[in-house]
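So you can see what is in the structure, the chains are spelled out below.
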Amino acid sequence: MSTVITYKDIKPFQRGDGVETRLLIGKSVSDSAPFTTGTTVFPPGCSAPMHYHNCDEQVTILEGEAEASIGGVIHNLVEGDTAFAEAESPHYFKNTGEGRLVIMWIYGARDVTRTFVETGETVAHLSSGDQV
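What counts, and where the lines are drawn
Residues numbered from 1 in each chain as written. Predicted model: local features only at pLDDT ≥ 70, side-chain atom pairs only at ≥ 80, totals over all residues. Heavy atoms only, no water. Phe/Tyr/Trp six-rings, centres within 6.5 Å; stacked < 30°, edge-to-face > 60°. Buried < 20%, exposed > 50% of the residue type's maximum accessible area, 1.4 Å probe, protein only. 1 Å grid on protein atoms, 1.4 Å probe; cavity = no way out; pocket = protein on both sides within 12 Å on 5 of 7 lines; lining within 4 Å. Points joined across faces, edges and corners; volume = space filled by probe spheres on them. Nonpolar A, V, L, I, M, F, W, Y, C, P; charged D, E, K, R; others polar. Core = buried A, V, L, I, M, F, W, Y, C linked by side-chain atoms within 4.5 Å. Helix = DSSP H or I, 4+ residues; strand = E, 2+ residues; numbered from the N terminus.

*Asks:* Honestly, the packing of aromatic side chains in this entry has me stumped. Any pointers?
*Replies:* The geometry of two aromatic rings is summed up by the distance between their centres and the angle between their planes. This model, assessed by the stated rule, comprises one aromatic pair. Residues W105 and Y107 carry aromatic rings whose centres are separated by 5.1 Å and whose planes lie at 40° to one another, so their mutual orientation is tilted. For Y107, a relative accessible area of 2% corresponds to the buried category.

Following this line, the structure appears as structure tokens:
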């Protein structure tokens, strides 16, 4: 089944500290898509905590500037740059610019989890525990 998503019609998932995520394609939208994708907007200075997933993740910077730590290496990213984190590779993205940071993420799975490095807690992606 083909699906068209109208971005402005997607209700944002509030992640805390003004961070908002919108699911574009995932198991709740498509019965057949083998991946999960969406966007997250970070206000200045905000970031996701160090974490890892049960699957590979690609992140592309759509707007703004970011510091990314992936597998222990720090990278400075700008609009158009793309990062790849293998499954279980600890990483974070932090807004280092004066405006908002907008990222598009693609997970290589339908069922995605996030494990927070600091606590070891694992939560389902976009569940009530999936906060920044």
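Having seen the structure, we can now continue with the description.
*Asks:* Looking at this model, I keep getting lost on the layout of surface pockets. Mind explaining?
*Replies:* By rolling a water-sized probe across the atoms, one finds the places where empty space is left. When its volume is computed, the largest pocket comes out at roughly 170 Å³. Lining the largest pocket, in full, are L23, G26, K27, S28, T36, R110, D111, V112, T113, A124, H125 and L126. A breakdown of the residues in the lining of the largest pocket according to their chemical character gives four nonpolar, five polar and three charged.

*Asks:* Looking at this structure, how should I read the nonpolar core?
*Replies:* In a soluble, globular protein the nonpolar side chains are often hidden away together inside. One finds F42, I61, I70, L77, F93, L101 and I103 to be the most contacted residues of the largest nonpolar core, which totals 20 residues. Where this core is concerned, the elements lending two or more residues are β5 (57-63), β6 (65-70), β8 (82-85) and β10 (101-107). If you tally residues by element for this core, the top one is β10, at four residues.

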